[in-house]
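Chain by chain, the residues run as shown.
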Amino acid sequence: HTSSNLAQEIQRIIEEWNLENKVLIIISDNAANITKAIKEELKLKHFGCYAHTINLVAQDALKQISVILDKIKTIVGYFRRSSSGMAKLIEQQKQLNKDRKKLIQDVQTRWNSTYYMLERFIELEVPLRITMALIDKNLPIVSLEEWDFFKKIVIILKPLETITKEISGQKYVTASSVIILTDGLYEMYRDFKNSSDFIAQSKSVINSILEGIRNRLGD
């Protein structure tokens, strides 16, 4: 939809509900067309959805490791498609006396699905390594260093996942938490940046998140 069409529809709704001169603020995602409709055409105050903004911050950070993420997606995709491969993975978990779990495939538009994919991937590290060695399907090889890197990335992304859950609550007011949550995020990632626990590749993800918080949530 064009910004003009969106503006016309919003104006129609305002008039239908007798809200003329009563609208204090409109919240939407950060798409250019809806932002322009609200701010430039309707001349109303606009706030971008906080959860959507966090999603954009996280998506930008994940671009820093897109190549290595593609490796995980290839492996996960194989096991999701192959019933025999998944059966072997489940069997390995059974032999290790682990709860039987499946790998999670991410969804491109939802950053936290990538987080859950990574989290489950490293949770199943031992049975995965055994199964991948047994099936010989030309799957990408994951080095020990890469396994360690994945674990660091999950630690780095966890605060964003926690905030996404917190701000998506429906049984309590979330708007009043935004400034507190943003300040907390910024302080946490500044501590991550100064920590010796993270190597250069991890720091690029941390720096991207810090930059995203400053640029998208600085005001």
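The shown structure was predicted, so the numbers you read here are calculated from the model rather than taken from an experiment. (Residues numbered from 1 in each chain as written. Predicted model: local features only at pLDDT ≥ 70, side-chain atom pairs only at ≥ 80, totals over all residues. Heavy atoms only, no water.)

1. Points about the packing of aromatic side chains
Line of reasoning, step 1. This structure, assessed with the given rule, holds 8 aromatic pairs.
Line of reasoning, step 2. Aromatic ring contacts, followed pair by pair, group Trp111, Tyr115 and Tyr116 into a single cluster. (Phe/Tyr/Trp six-rings, centres within 6.5 Å; stacked < 30°, edge-to-face > 60°.)

2. A look at helix α2 (residues 32-41)
Line of reasoning, step 1. Taken residue by residue, α2 has Ile34, Thr35, Ala37 and Ile38 as its buried positions. Looking straight down α2, one finds that the buried residues subtend no more than 160° of arc, so they occupy a single side.
Line of reasoning, step 2. Turning to α2, the residues buried within the fold contact α1 (3-16), β1 (26-28) and β2 (46-48).
Line of reasoning, step 3. Looking at the residues trailing α2, positive phi occurs at Lys43, about 60°. (Buried < 20%, exposed > 50% of the residue type's maximum accessible area, 1.4 Å probe, protein only. Helix = DSSP H or I, 4+ residues; strand = E, 2+ residues; numbered from the N terminus. Arc of directions from axis to C-beta. Contact = heavy atoms within 4.5 Å.)

3. Re the pattern of salt bridges
Line of reasoning, step 1. Tallied over the entire structure, the rule returns 13 salt bridges.
Line of reasoning, step 2. For the salt bridge of Glu9 with Arg12, the shortest nitrogen-to-oxygen distance reads 2.7 Å. Placement of both Glu9 and Arg12 in helix α1 is noted, with a separation of 3 residues, approximately one turn of the helix.
Line of reasoning, step 3. Accessibility expressed as a relative area gives 39% for Arg12, which makes it partly exposed.
Line of reasoning, step 4. For Arg129, the salt bridge identified is with Glu125, shortest N-O distance 3.0 Å. Of this pair, Arg129 and Glu125 both sit in helix α7 (residues 125-135), 4 residues apart, which is roughly one turn of that helix.
Line of reasoning, step 5. Put simply, Glu9, Arg12 and Glu16 are held in one network by salt bridges that share partners. (Salt bridge = Lys/Arg side-chain N within 4 Å of Asp/Glu carboxyl O.)

4. A look at the environment of Thr164
Line of reasoning, step 1. Note on placement: Thr164 falls in helix α8 (residues 144-167).
Line of reasoning, step 2. Here the alpha-carbon distance between Thr164 and Ile14, two residues 150 residues apart in the chain, equals 30 Å.
Line of reasoning, step 3. Excluding its chain neighbours within four sequence positions, the residues that come into contact with Thr164 are Ile54, Trp111 and Asn112.
Line of reasoning, step 4. A polar side-chain atom of Thr164 sits 3.5 Å from a polar atom in the side chain of Trp111.
Line of reasoning, step 5. Side-chain polar atoms of Thr164 contact the backbone oxygen of Leu160, separated by 2.8 Å. (Polar contact = N/O pair within 3.5 Å; in protein donor to acceptor, adjacent residues only side chain to side chain.)

5. Notes on the environment of Asn97
Line of reasoning, step 1. By the secondary structure assignment, Asn97 is in the loop between α5 (83-95) and α6 (111-123).
Line of reasoning, step 2. The sequence separation of Asn97 and Glu9 amounts to 88 residues, and the corresponding C-alpha distance is 57 Å.

6. Regarding the layout of surface pockets
Line of reasoning, step 1. Looking at the largest pocket, its volume works out to about 850 Å³.
Line of reasoning, step 2. In this structure, the largest pocket is lined by 27 residues; those nearest its centre are Phe47, Gly48, Tyr50, Val178 and Leu217.
Line of reasoning, step 3. If you list the elements that add at least two residues to the lining of the largest pocket, you get α2, β2, α3 (50-62), α9 (178-194) and α10 (200-217).
Line of reasoning, step 4. Grouping the constituent residues of the lining of the largest pocket by class yields 13 nonpolar, 9 polar and 5 charged. (1 Å grid on protein atoms, 1.4 Å probe; cavity = no way out; pocket = protein on both sides within 12 Å on 5 of 7 lines; lining within 4 Å. Points joined across faces, edges and corners; volume = space filled by probe spheres on them. Nonpolar A, V, L, I, M, F, W, Y, C, P; charged D, E, K, R; others polar.)

7. Quick notes on the side chain of Ser28
Line of reasoning, step 1. You can see Ser28 is positioned in strand β1.
Line of reasoning, step 2. Reaching out from Ser28, the side chain makes a polar contact with the side chain of His46 at a distance of 2.8 Å.
Line of reasoning, step 3. Filtering out sequence-adjacent residues up to four positions away, Ser28 remains in contact with Ile34, Ile38, His46, Phe47, Gly48 and Cys49.

8. Structural notes on the nonpolar core
Line of reasoning, step 1. With 50 residues, the main nonpolar core has Phe79, Phe121, Leu128, Phe150, Tyr189 and Ile209 as its most contacted residues.
Line of reasoning, step 2. For this core, the elements supplying multiple residues, two or more each, are α3, α4 (66-81), α5, α6, α7, α8, α9 and α10.
Line of reasoning, step 3. Once residues lying within four places of it in the same chain are set aside, the contact partners of Ile209 are Val57, Ala61, Ile156, Leu157, Leu160 and Tyr189.
Line of reasoning, step 4. With 9 residues, the next largest nonpolar core counts Ala7, Ile14, Ile26 and Ile38 among its residues. (Core = buried A, V, L, I, M, F, W, Y, C linked by side-chain atoms within 4.5 Å.)

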